[in-house]
Amino acid sequence: MIVAGIDIGSRAAKAVVMNNGAIVSSVTCDTGPESVKTSQMTIARALEGTGLALDDMEYVVATGYGRVLVPFANENISEISCHARGITWYFPEVRTILDMGGQDCKAINCDAEGRVNNFIMNDKCAGGTGRFLEMIADVLNIPLEKIGEAALRSKQAIPFNTICAVFAKSEAIAYLRKGVSKEDILAGLNEAIATRCLNLLKRVSIEKEFTITGGIAKNQGMVAQLREKVGLEPLLSEDPQIIGALGAALFAEDRCRGKAAAVPAKVQYGYSDGTGNYFITIDTGRCDGCGECVPACPSGIFEVAADDNGQLKARVKEDARKKLALLCPGYEVCLSKLGRNCHTVCPREAINHTW
Ligand code: SF4
Ligand code: SF4
């Protein structure tokens, strides 16, 4: 059974080709401006030297930010499902996953089969993402691949007040001017990012075993800080960056065997910032996709769409996720103003708010 998984992320595109459950090849390429071309170039690179062609693939699953734009994919599946599925191929004992990607950070809790129980996504701010670390590497004039080991040489991490990308950059420049070493600046930033990741992980519950996926898991300085903050030794695969593509390839194998996709039981959308925690949780196990919440919300926060199994479920619209606190005054205020809200109209008690 020959299958492929392709993960079009915001910064890097990854592909994994599998034959009867074994990895035949895997590649990581830069994401270009056009997702279609990026996907074609990435799969071509993955097939190089394998003696296989795209037509030999029995099933292809696409995931990641650009997954809907992969013309040769038979199906697309969310990156959360793919990361959980991919990492449990290496470590079936993993229950807590921190996925540190190019433009967001996700904490995931899963079961032994790689089914997502709960996940939370923090994509409001670039702080702590691959894009953020690229910017800091640039400011400090250190190659991106060297910043992890540089942070490990720090003698005294400098405390950062923020990891907001804009302010942290200014703080880093100010420290540089004062003569603080680049190593101490990097260690301080890693510590601040690790604290934020810890808070994210606590929201999905931290269980043994713990892993980090995504390109940032290759950064030794960040991994050292996360090890200390979380208090657990992370299980790291040989290439944490290809885990989403690997999960997609494993789903492709499932499809060849006629198995349906697993869907997360609870999904939390939102973020924490200086003013508080703003998360809306949708229990997709309860939600039957009736759509009552969509017109009930005066801010148009919800939509109903097919999940990975083709079932209709409610979700928070992509463009609402980074400004939830601006759009929603909180369910109690909303209820007192309108006399009804998403909670009162939902017949399945599937929606919850943190604030
Ligand atoms: S509480 Fe009101 S504004 Fe907030 S999500 Fe629900 S319906 Fe929308
Ligand atoms: S009202 Fe409740 S059950 Fe209906 S789509 Fe919204 S969340 Fe799902």
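It should be emphasised that the depicted structure is a prediction, and the values quoted were computed from it without experimental measurement.

Undergrad: Looking at this structure, how should I read the packing of helix α2 (residues 79–90) against helix α8 (residues 243–256)?
TA: When two helices pack together, you describe them by how their axes are tilted relative to each other and by the distance separating the axes. Relative to each other, α2 and α8 sit at 90°, their axes nearing to 7 Å. In terms of orientation, α2 and α8 fall into the roughly perpendicular class. Contacts between α2 and α8 involve E79, S81, C82, H83, A84, R85, G86, I87 and W89 from the first element and I243, G244, L246, G247, A248, L250 and F251 from the second.

Undergrad: It is not clear to me how the pairing of strand β2 (residues 12–19) should be interpreted in this structure. Could you clarify?
TA: Most of β2 sits out of view: 7 of its 8 residues are buried. Bridging between strand β1 (residues 2–8) and β2 involves 7 bridges; their strand directions are antiparallel. Bridge assignment links V3 to a residue of β2, and that residue is M18. Remark: 3 residues form the turn of the hairpin made by β1 and β2, two consecutive strands paired antiparallel. Bridge analysis of β2 against strand β3 (residues 22–30) gives 8 bridges, and the strand direction is antiparallel. Bridge pairing in β3 places M18 opposite I23.

Undergrad: How should the nonpolar core be read in this particular structure?
TA: The nonpolar side chains of a soluble globular protein tend to be buried with one another. One finds A4, I6, V60, V61, A248 and A249 to be the most contacted residues of the largest nonpolar core, which totals 96 residues. In terms of residue count, helix α6 (residues 182–204) provides more of this core than any other element does, 11 residues in total. Excluding anything up to four places from it in sequence, A4 contacts A15, V16, V17, I43, A46, M57, V60, A249 and A252.

Undergrad: Would you take a moment to explain the sheet that holds strand β8 (residues 116–122) for this structure?
TA: Neighbouring strands of a sheet are bound in pairs by backbone hydrogen bonds; such pairs are parallel or else antiparallel. With mixed pairing, 7 strands are arranged side by side in an open sheet as β9-β6-β7-β8-β10-β11-β14. The sheet is open, and its two borders are formed by β9 (210–213) and β14 (351–353), each paired with just one other strand. Adjacent strand axes in the sheet meet at a mean angle of 15° when their direction is disregarded. Relative to strand β11 (residues 276–283), strand β10 (residues 266–273) runs antiparallel, the two being bridged by 8 bridges. Looking at the pairing, Y269 lines up with I280 of β11.

Criteria and cut-off values
- Residues numbered from 1 in each chain as written.
- Chains lettered and ligands numbered in written order.
- Predicted model: local features only at pLDDT ≥ 70, side-chain atom pairs only at ≥ 80, totals over all residues.
- Axes fitted to C-alpha atoms, helices over the stretch in contact; angles between N-to-C directions.
- Helix = DSSP H or I, 4+ residues; strand = E, 2+ residues; numbered from the N terminus.
- Parallel < 35°, antiparallel > 145°, perpendicular 65-115°, else oblique.
- Contact = placed C-beta atoms within 7 Å.
- Buried ≥ 20, exposed ≤ 12 C-beta atoms within 10 Å, placed from the backbone.
- Pairing = 2+ DSSP bridges.
- Core = buried A, V, L, I, M, F, W, Y, C linked by C-beta atoms within 7 Å.

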